[in-house]
Amino acid sequence: MGLLPVPAEVRAILLDIEGTTTPIAFVQETLFPYIKDNVKKYLHAHWEEEECQRDVRLLRKQAQEDSSLDGAVPIPWESGSGEEDLERVIQAVVDNVHWQMSLDRKTTALKQLQGHMWRAAYATGHIKGEIFEDVVPAIRKWREAGMKVYIYSSGSIEAQKLLFGYSTEGDILELFDGYFDTKIGPKVESESYRRIAASIGCATNNILFLTDVPREANAAKEADTHVAVVTRAGNAGLTDDEKSYYSLISSFTELFLPSCT
């Protein structure tokens, strides 16, 4: 694809994770299956802890908001009538989590529980975050050129920090100046990128956003943010119109910063 020049006004690079810094396969074949396979065991082990109870309360609130959706799974309150009642509630939480994941929901409630489960898995060495080999050298070069580098992902900020803190490249948290998740707003809404720019303290056109998802790229462009779509192996294919409309890179090494010469 050749080199893609970074506009002179860009001061910050905003990175998606899945399909951008990290293979989609890692998320789809390692992270998500871990949740599905272990959520019930995790709930039983941590049920009495306040953090787990906060997660359940948030999931229950989300379930109430989802009550009108087809297949939605309600989460009842405990009646305090013994083990059978507890098991009934835990199973409802498990079923709700599985239902949300089957629809690829991005709710804060789901992401919060997932983040806490992944924290335990990373800390015990069951999981290591996979990073494309071009990512770390490129980010170091960008930072040397004076760029700020941020993460914006649907996964919770805690999950983001776990992935980069326990990665195949070691602890690389020092490479990032900040993190954003869906609490700032959905990635497919332009207002989210305006909020990020305000939080960073710059104009939207001072940011270059790298993502593999055209809908996210379009939302960022609507906010006057510079965008490049990442076309790594394993990512979803693009239409001919998308290929002609967006700037494309297949590796971070294809970004050309004049100040890096």
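Residues numbered from 1 in each chain as written. Predicted model: local features only at pLDDT ≥ 70, side-chain atom pairs only at ≥ 80, totals over all residues. Heavy atoms only, no water.

## Thoughts on the pattern of salt bridges
And step 1. A full pass over the atoms with the stated rule returns 16 salt bridges.
And step 2. The partner of glutamate 158 in a salt bridge is arginine 119, and the shortest N-O contact between them spans 3.0 Å. In this pair, glutamate 158 sits in helix H6 (residues 157–165) while arginine 119 sits in helix H4 (residues 108–123), placing the two residues 39 residues apart along the sequence.
And step 3. Overall, glutamate 158 belongs to the partly exposed group, its relative accessible area being 27%.
And step 4. What makes arginine 119 partly exposed here is its relative accessible area of 30%.
And step 5. Connected through salt bridges with shared partners, the residues Asp16, Lys187 and Glu216 form a single ionic network. (Salt bridge = Lys/Arg side-chain N within 4 Å of Asp/Glu carboxyl O. Helix = DSSP H or I, 4+ residues; strand = E, 2+ residues; numbered from the N terminus. Buried < 20%, exposed > 50% of the residue type's maximum accessible area, 1.4 Å probe, protein only.)

## Considering unusual backbone geometry
And step 1. One non-glycine residue, aspartate 104, lies in the positive phi region at around 55°.
And step 2. Here aspartate 104 lies in the loop between helix H3 (83–102) and H4.
And step 3. Since its relative accessible area comes to 43%, aspartate 104 is described here as partly exposed.

## Here's the deal with the environment of aspartate 224
And step 1. Along the polypeptide, aspartate 224 turns up in the loop between helix H8 (214–222) and strand S6 (226–230).
And step 2. Along the primary structure aspartate 224 and aspartate 37 are separated by 187 residues, whereas in three dimensions their C-alpha atoms are 41 Å apart.
And step 3. Apart from the residues within four sequence positions on either side, aspartate 224 is in contact with Thr204 and Asn205. (Contact = heavy atoms within 4.5 Å.)

## Details of the environment of glutamate 174
And step 1. The residue glutamate 174 is located in the loop between H6 and strand S4 (178–180) in this model.
And step 2. Note: C-alpha distance between glutamate 174 and valine 93 (81 residues apart in sequence) is 36 Å.
And step 3. Excluding its chain neighbours within four sequence positions, the residues that come into contact with glutamate 174 are Arg140 and Arg143.

## Quick word on the side chain of threonine 20
And step 1. Inspection of the secondary structure puts threonine 20 in the loop between strand S2 (12–15) and helix H1 (24–46).
And step 2. A polar atom in the side chain of threonine 20 sits 3.1 Å from the side chain of aspartate 16.
And step 3. Once you skip the residues sitting within four places of it in the chain, threonine 20 turns out to touch Phe132, Val135, Leu210, Thr211, Asp212, Val230, Arg232 and Phe252. (Polar contact = N/O pair within 3.5 Å; in protein donor to acceptor, adjacent residues only side chain to side chain.)

## Section: the sheet that holds S6
And step 1. Taken together, six strands build an open sheet; the order of strands is S4-S3-S2-S5-S6-S7 and the sheet is parallel. The sheet terminates laterally at S4 and strand S7 (248–249), the two strands that pair on one side only.
And step 2. The pairing of strand S5 (residues 207–211) with S6 spans four bridges and is classified as parallel. Across the sheet, the residue bridging to threonine 211 is valine 229, located in S6. (Pairing = 2+ DSSP bridges.)

## Digging into the environment of leucine 4
And step 1. Structurally, the position occupied by leucine 4 is in strand S1 (residues 4–5).
And step 2. In sequence terms leucine 4 and serine 247 are 243 residues apart; their C-alpha atoms lie 7.7 Å from each other.
And step 3. The contacts of leucine 4, once residues within four sequence positions are left out, are Ala228, Ser247, Ile249, Glu254, Leu255 and Phe256.

## Here's the deal with H6
And step 1. Every buried residue of H6 is listed here: Ala159, Gln160, Leu162, Leu163, Phe164 and Gly165.
And step 2. Lining the buried residues of H6 we find H1, H4, strand S3 (148–152) and S4.

## Concerning the domain arrangement of the chain
And step 1. Structurally, the chain comprises domain 1 (4–22 + 129–256) and domain 2 (28–124).
And step 2. The interface of domain 1 with domain 2 comprises twelve residues on the first partner and ten residues on the second.
And step 3. Both sides of the domain 1 and domain 2 interface together cover about 1000 Å² of buried area, and 58% of this is carbon and sulfur.
And step 4. On inspection of domain 1 and its partner domain 2, the count reaches one salt bridge.
And step 5. Linking domain 1 with domain 2 are three residue pairs in polar contact (both at pLDDT 80 or more).
And step 6. In terms of residue class, the side of domain 1 that touches domain 2 is built from four nonpolar, five polar and three charged. (Domains from an automatic or database assignment. Buried area = accessible area lost by both parts, 1.4 Å probe. Nonpolar A, V, L, I, M, F, W, Y, C, P; charged D, E, K, R; others polar.)

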